Amino acid sequence: MKSLVILISGRGSNMQSIVEAAAAEQWPARIAAVISNRPDAAGLAWAQSRGIETRVLDHRGFATREAFDAVLSAMIDEYSPDAVALAGFMRVLTPAFVQHYEGRLLNIHPSLLPAFPGLKTHRAALDAGVKEHGCTVHFVTAELDHGPIIAQAVVPVSPGDDETTLAARVLEQEHRIYPRAVRWLLEDKLVIADGRVHVREEDGTVKAVLLSD
Ligand code: GRF
């Protein structure tokens, strides 16, 4: 059985969507642990209520990013994960950490990358006047919010939108595409060729990923 570790920093709604999908679809995988860098992350209590092991590693106790990432990595590796999912994990990761999990580390970002990397993506989308916005699941590479794109979902931007309404519309899609992408990774269905990600179907054929429909 495959093993998944999920990293959070707060609410943990994406973590919840993965846990719920794994249970509902009976993935041949276990959520080995949910780890937070913040002791007050609301998602920890939810994970515990589902009987999932939770750990806290407070980044404020470390002098450098490297020191934090080294201990975090050792903690994660206790579970020998096949996949590690960043789910609202608000830390910039060191190249050594990212390299250690190359091909196993996924992130969900609330924009259609490469547009609007970084924070406050919904504000940036509104300010730019884009008519479509969305979210992206990607493999994590050393460069922040880059890395091969696995799946995206598009939502319209409405004239009356503010950050709250737009964020809610995007979040709904995050909860749809992240579990699917994590499942593909756990099922060894993702193929990276020339920096592009494809999904290997049961019959061995390789298809591009489109989740907007
Ligand atoms: C999500 O919008 C995610 O895309 C971003 O941070 C937010 C985390 O929300 N990286 P949650 O903790 O999963 O509810």
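What you see is a predicted model; the values in this text were computed from it and never measured.

A. Quick peek at helix H2 (residues 42-49). Taken as a whole, H2 has its buried residues at Gly43, Leu44, Trp46 and Ala47. All buried residues of H2 lie within an arc of 165° about the axis, which places them on one face of the element. Structural note: H2 exposes Ala42 and Ser49 on the side pointing more than 90 degrees away from its buried face. On the buried face of H2, the contacting elements are strand E1 (2-8), helix H1 (13-24), strand E2 (29-36) and strand E3 (54-56). Gly51, located one to two residues past H2, shows a positive phi value of around 75°.

B. Expanded view of the nonpolar core. Counting 45 residues, the largest nonpolar core has Ile6 and Ile150 as the members making the most contacts within it. Ranked by residue count, the leading element in this core is helix H6 (residues 163-186), at nine residues. In this structure Ile6 touches Met15, Ile18, Val19, Ile31, Ala33, Val34, Ile35, Ala85 and Ala87, once residues within four positions along its chain are discounted. Listed in part, the 20 residues of the second largest apolar core include Ala33, Leu86, Val98 and Tyr101.

C. Quick look at the domain arrangement of the chain. Per the domain assignment, the segments making up the chain are domain 1 (1-101) and domain 2 (108-213). Taking only C-alpha atoms, the centre of domain 1 and the centre of domain 2 are 20 Å apart. Listed as interface residues are 21 residues of domain 1 and, on the opposing side, 16 residues of domain 2. Interface area, domain 1 with domain 2, both sides summed: about 1600 Å², of which 70% is carbon and sulfur. In this assembly, domain 1 and domain 2 are joined by two salt bridges. For the salt bridge of Asp188 with Lys2, the shortest nitrogen-to-oxygen distance reads 3.0 Å. Across the contact surface, domain 1 and domain 2 share six residue pairs in polar contact (both at pLDDT 80 or more). No other element matches the five residues that H1 contributes to the side of domain 1 that touches domain 2. Residues belonging to the side of domain 1 that touches domain 2 are distributed by class as follows: 13 nonpolar, four polar and four charged.

D. Layout of the site of the ligand. The environment of the ligand is made up of Arg11, Gly12, Ser13, Asn14, Gly88, Ile108, Pro110 and Glu174. In this structure, an oxygen atom belonging to the ligand sits 2.5 Å away from a side-chain N or O atom of Arg11. Compared with its free state, where it exposes 360 Å², the ligand has 84% of that area covered by protein. Grouping the constituent residues of the shell around the ligand by class yields two nonpolar, four polar and two charged. Looking at the shell around the ligand, you find at least three residues from each of domain 1 (1-101) and domain 2 (108-213).

The rules we used
Residues numbered from 1 in each chain as written. Predicted model: local features only at pLDDT ≥ 70, side-chain atom pairs only at ≥ 80, totals over all residues. Heavy atoms only, no water. Buried < 20%, exposed > 50% of the residue type's maximum accessible area, 1.4 Å probe, protein only. Helix = DSSP H or I, 4+ residues; strand = E, 2+ residues; numbered from the N terminus. Arc of directions from axis to C-beta. Contact = heavy atoms within 4.5 Å. Core = buried A, V, L, I, M, F, W, Y, C linked by side-chain atoms within 4.5 Å. Domains from an automatic or database assignment. Buried area = accessible area lost by both parts, 1.4 Å probe. Salt bridge = Lys/Arg side-chain N within 4 Å of Asp/Glu carboxyl O. Polar contact = N/O pair within 3.5 Å; in protein donor to acceptor, adjacent residues only side chain to side chain. Nonpolar A, V, L, I, M, F, W, Y, C, P; charged D, E, K, R; others polar. Near = heavy atom within 4 Å. Areas by Shrake-Rupley, 256 points an atom, 1.4 Å probe, with all protein chains shown as cover.

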